[in-house]
Amino acid sequence: MKSISVMVVSLVLGLTILAALGDDGIQGSKHNFSKQEWSGGDACAACHGTETEPPKAAPLWDANADLNRTFGVSLARTKQAGLGSTMCLRCHDGTIARDTVAAANQKSRFSNQDHPGLFGAGHGTSEHPVGVEYPRVDEDFRPAAIVISEGAVTLPGGKVECISCHDPHAMSGQPYMLVKSNAKSALCLTCHQK
Amino acid sequence: MTNRNSESRIRNDESRTIPMDRGIFRHSPFAIRHSGFAILHSSLALVVLIATGYVLADDSVVNSKHDLSAQGPGPVRAVHENEICIFCHTPHNAAPQVPLWNRANPRTHYRIYESSTTDARIDQPSGPSKMCLSCHDGSMALGNVLSRPATHPIVMTARTIPPGTTDLTNDLSDDHPIGFRYDRSLSNADRQIRAPEVVTMELPLGAHGEMHCTTCHDPHNNELGEFLRQSDQRGAICISCHDLNGWPSGSHANSGKHITGRTVDVGERLKYDTVKDNACLNCHKIHGAQARERLLRAQREEDNCLNCHGGAVANFNIASVIGKRSAHDVRFRRGIHDPAENPFTMRRHVECFDCHNPHAVAADPIGRVGGTFGQTVKGPNLHVSGVTLSGGQTDNAAFLYEICFKCHGDGITRSRLGDARQVTQTNTRLEFQPSNPSFHPVAAPRRNNDVVSLMPPLRVGSMITCTDCHNNDDARALGGTGPNGPHGSLFEPLLARNYETDDFTVESANAYALCYGCHIRDSILGDESFPLHRRHIVDLRAPCGVCHDAHGVSRGQGNSVNHSSLINFDLSVVSPADSPSGRRIEYVDTGRLAGNCTLTCHGLTHIGFPYTGRGAGAKSVLSGVRR
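Quick notes on the rules
- Residues numbered from 1 in each chain as written.
- Chains lettered and ligands numbered in written order.
- Predicted model: local features only at pLDDT ≥ 70, side-chain atom pairs only at ≥ 80, totals over all residues.
- Helix = DSSP H or I, 4+ residues; strand = E, 2+ residues; numbered from the N terminus.
- Buried ≥ 20, exposed ≤ 12 C-beta atoms within 10 Å, placed from the backbone.
- Contact = placed C-beta atoms within 7 Å.
- Core = buried A, V, L, I, M, F, W, Y, C linked by C-beta atoms within 7 Å.
- Pairing = 2+ DSSP bridges.
- pLDDT = per-residue confidence, 0-100.

(A) Representation of the overall build of chain A within the structure. Along the backbone of chain A there are seven helices and two strands. Secondary structure elements in chain A, listed N-terminal to C-terminal, are α-α-α-α-β-α-β-α-α. By residue count, 34% of the 194 residues in chain A fall in the buried class. In chain A, the proportion of contacts linking residues at least 24 apart, taken out of those at least 6 apart, comes to 44%.

Next up, the structure:
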């Protein structure tokens with residue numbers, strides 16, 4: 001029985017890795033930095049570190065990352081975003097990018113300087129909030145349990161983070177590395193009861 | 001619009017037949033797609049669930065008119081784009097206004113709503129309203145969203161919102177006002193606006209308490225049709241803010257009469273079937289009203305009323321009586337009446353609204369003209385402005401005559417064509433003053449005890465109303481079949497019954513039917529009061545009006561000696577006589593049922609000619625008349 005479980009787990013892991021290396025995975029995505037000089041040809045190292053730069057925090061995170069950095073003026077209703085957002089913002093806030101990634105692609109650069117009021121929920125905001133608690137009882141939102149049970153959108157720590165909607169590994173093959181297709185605004189309507 | 005709403009109602013009905021938790025099922029297609037099973041019957045179930053899921057989603061933007069995606073239900077939709085939220089929202093790089101707005105604001109300068117009766121300070125629309133107007137003013141392309149390059153907008157079946165009821169254009173003066181602060185100062189200034197704190201939370205105001213499109217409309221929820229937040233049936237959404245005097249008990253809020261006609265403006269059927277269900281919508285159009293000020297459906301004031309009161313819906317056909325020989329013909333003038341008008345300076349006109357408040361009108365169950373019944377205003381005239389007996393203005397006339405005084409009193413509007421009498425007064429307010437030497441008891445009980453001719457239940461001390469004498473000649477209160485009230489009559493000046501004023505009229509019950517309605521003919525002709533009535537009226541064929549002034553003799557002009565008993569001689573018949581004290585026309589009251597006259601009439605000269613009556617059964621002494 002145990003061996004069957006191991007086999008199943010191995011199979012799943014193997015398929016996942018295969019998928020990750022396929023066109024729908026990170027290899028075919030813009031997150032494949034293996035051709036960048038600084039990456040040393042390693043598609044994973046840009047984010048997950050190397051053996052010489054051991055991980056500092058889960059999941060196998062780059063030791064150089066300053067995870068306690070404060071982003072912007074009011075990141076997500078005064079609450080600091082979780083790992084699921086800070087990992088992304090490390091590059092995508094345009095201020096601490098490891099290289100000039102964000103500058104080269106203005107659209108994926110979410111700098112507080114470029115967008116005043118960035119990440120602040122409330123008046124004047126121009127970005128979907130991250131690091132916010134998912135509403136518990138609100139007729140405008142579907143119940144968190146149902147959202148999670150559908151398997152696409154995740155709510156790490158009960159919060160909305162970048163990775164709630166975006167999969168940095170681009171496993172779904174959707175544009176913008178969305179976790180699921182947004183046809184008929186399905187991704188938006190996963191949470192928003194509109 | 002009506003068609004759309006009936007569709008919406010039908011969809012509602014369908015949805016009610018399937019008891020499912022819409023909140024869970026409406027997104028079921030997405031959940032089920034991940035199940036991975038693909039056997040036939042589950043696929044069928046999937047299709048059914050998708051289908052029902054969307055049918056059920058009346059309270060969702062999905063499949064509503066605001067679903068502009070390529071799968072959207074309306075004729076206006078994207079050609080390829082299948083996202084729904086994108087037309088208004090984007091998660092990143094949104095316009096700097098909540099909620100993650102994906103459109104630029106229109107730069108349109110709008111013509112805004114104006115009204116002489118509003119206390120609100122109405123500004124150009126702002127905030128959420130501008131967001132709505134970014135499509136609904138028709139100026140901006142529907143597919144122009146911030147998340148797409150301006151050079152590559154979303155391709156739509158229509159570039160901008162097509163002309164029609166939903167295209168508000170840059171003229172918002174025919175739409176319910178937005179962009180004003182709904183605060184205590186407004187509700188304090190206008191007592192017919194509820195205090196903002198008691199307005200339901202279902203109708204949210206803006207960040208600074210201002211009214212927006214989104215106060216009434218929820219762009220994501222079309223469950224009630226027209227994306228309304230509350231139903232407009234029985235005016236529910238309107239009366240959440242508007243606290244109209246007399247509305248709850250008024251006929252227009254409670255009449256179950258079926259609307260058989262069509263709207264007066266565009267000829268559509270009204271949204272609901274009965275008067276009470278249509279409520280405000282009977283007369284008002286919230287967007288695109290033909291009469292901009294006060295958002296009335298019809299440009300001509302009276303058309304809003306006659307649409308139903310012209311024989312189509314209401315019991316009585318007012319249109320049939322306002323064309324009579326003597327009438328308050330409301331069709332005659334247009335665009336003059338203003339609810340804020342000053343009765344002393346307004347231009348001459350008459351509209352339905354001068355005497356009736358359509359918010360408060362109610363049936364008069366007694367419906368009888370006259371006598372002791374008619375003192376205070378009844379249902380049809382509730383909550384109408386007026387001028388009081390002392391000449392002050394009131395927003396809420398307590399007595400019917402106060403409504404009449406608006407036009408027939410001090411103002412420049414009254415008729416100046418008074419009869420040629422000893423004392424001429426065309427200001428009816430002055431004619432009916434209780435301090436006058438004599439007056440018909442409209443504003444106060446009569447002080448004269450000599451009136452022995454009154455028909456019970458009238459008695460000395462009874463009061464009457466203007467409408468006892470001025471009324472439709474076929475008013476049902478008079479035994480006819482037409483509507484009550486001074487709308488129109490065969491008899492001038494708008495008299496309830498015939499009243500001859502020509503000299504040498506042959507006396508008959510009909511000739512002076514107006515007078516005989518209250519004053520018993522047999523008593524008059526039996527000389528029970530003035531002992532020479534029969535002599536004058538029957539024998540010499542002098543009409544009542546030769547000696548009597550029907551309204552009254554005003555205090556400043558007449559005195560109680562010469563003008564008691566409404567004596568005010570008609571100078572076209574009566575001429576002066578040479579008396580020892582000079583050439584004069586004079587009546588002198590010398591006590592109860594007694595007096596003397598100095599005048600010339602029908603060639604007969606009276607010089608201090610005396611009479612004494614002895615009440616009922618009395619006979620006069622015919623002496624001293626000089627032929």
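(B) The arrangement of the overall build of chain B in detail. When helices and strands are counted, chain B shows 19 helices and 12 strands. Taken across its 627 residues, chain B has 42% of its residues classed as buried. Considering only contacts within chain B whose residues lie at least 6 apart along the sequence, 55% involve residues at least 24 apart.

(C) A look at helix α11 (residues 301-309) of chain B. Residue and element names in this part refer to chain B. Burial of α11 is extensive: eight of the nine residues sit out of reach of the surface. Of the residues making up α11, those classed as buried are E301, E302, D303, N304, C305, L306, N307 and C308. Check the buried side of α11 and you find it contacts α12 (352-355).

(D) Examining the environment of B:P153 more closely. Residues and elements named next belong to chain B. Examined against the element boundaries, P153 turns out to sit in the loop between α5 (127-136) and α6 (184-189). Taking the number of C-beta atoms within 10 Å as the measure of exposure, P153 has 16 and is therefore partly exposed. Note: C-alpha distance between P153 and A141 (12 residues apart in sequence) is 8.4 Å. The contact partners of P153, leaving out residues within four places of it in the chain, are A141, G143, N144 and R148.

(E) Region of interest: the nonpolar core. Of all hydrophobic cores here, the largest spans 55 residues; its most connected members are B:L400, B:Y401, B:V442, B:L495, B:Y512 and B:L514. Elements with a contribution of two residues or more to this core: α11, α12, α13 (400-408), α15 (466-469) and α16 (513-516) of chain B. For this core, the element with the most residues is α13(B), which contributes six residues. With near-sequence residues (within four places) excluded, B:L495 lies in contact with B:C469, B:H470, B:S489 and B:L514. In this structure, A:L187, B:C132, B:M156 and B:C213 belong to the second largest nonpolar core, which totals 41 residues.

(F) Representation of the environment of B:R476 within the structure. Looking at the secondary structure, you find B:R476 in the loop between α15 and β5 (488-489). In sequence terms B:R476 and B:I524 are 48 residues apart; their C-alpha atoms lie 27 Å from each other.

(G) Up close: unusual backbone geometry. Residues and elements named next belong to chain B. Following P456, the chain continues into P457 via a peptide bond in cis, with omega recorded as 10 degrees. Of note, P457 is situated in the loop between β4 (438-439) and α15. Cis geometry is found at the peptide bond from E492 to P493, where omega equals -10 degrees. By the secondary structure assignment, P493 is in the loop between β5 and α16. Despite not being glycine, D527 has its phi angle at roughly 55 degrees, a positive value. Located in the positive-phi region is R541, a residue other than glycine, with phi close to 55 degrees. Tracing the backbone shows R541 in the loop between α18 (533-539) and α19 (544-547).

(H) Region of the structure containing the pairing of strand β10 (residues 586-591) of chain B. Residue and element names in this part refer to chain B. Strand direction decides the pairing type here: β10 and strand β11 (residues 594-601), joined by five bridges, are antiparallel. Note that in β11 the partner of V588 across the bridge is N596. Taking the residues that link successive antiparallel strands as the turn, the β10-β11 hairpin has two residues, and the phi of L593 there is positive, at about 55 degrees.

(I) Looking closely at the pairing of strand β12 (residues 604-612) of chain B. In this structure, β11(B) lies alongside β12(B), joined through seven bridges in antiparallel fashion. From the neighbouring strand, B:N596 faces β12(B), where its bridge partner is B:P610.

(J) Summary view of the environment of A:M87. All names here are of chain A. Within the secondary structure, M87 is located in helix α3 (residues 83-92). M87 gets classed as buried once you count the C-beta atoms within 10 Å, which come to 22. Each C-alpha atom, one on M87 and one on K35, is 21 Å from the other, the two residues being 52 residues apart in sequence.

(K) Spotlight on the confidence of the model for chain A. All names here are of chain A. Within chain A, residue pLDDT values average 65, and 48% of them lie at 70 or more. In this model residues 55-60 is a low-confidence stretch, pLDDT under 50, and it forms 11 contacts with partners more than four residues away in sequence or in other chains. Every residue in residues 94-124 scores below 50 in pLDDT, and together they form 63 contacts with partners more than four places removed in sequence or on other chains.

(L) Structural view of α13(B). All names here are of chain B. Across the nine residues of α13, nine count as buried, placing the element largely inside the fold. Listing the buried residues of α13 in full gives L400, Y401, E402, I403, C404, F405, K406, C407 and H408. Where α13 is buried, its residues meet α12, β2 (386-387), β3 (393-394), α14 (428-431) and α15.

(M) Fine view of the confidence of the model for chain B. Residues and elements named next belong to chain B. Model confidence for chain B is summarised by a mean pLDDT of 84, while 86% of its residues fall at 70 or above. Low pLDDT, under 50, characterises residues 1-56; the predicted model gives this stretch 52 contacts beyond four residues in sequence or across chains. Note that residues 616-627 has pLDDT below 50 and, in this model, 20 contacts with residues that lie over four places away or in other chains. Confidence estimates for the predicted assembly give a pTM of 0.78 and an ipTM of 0.72.

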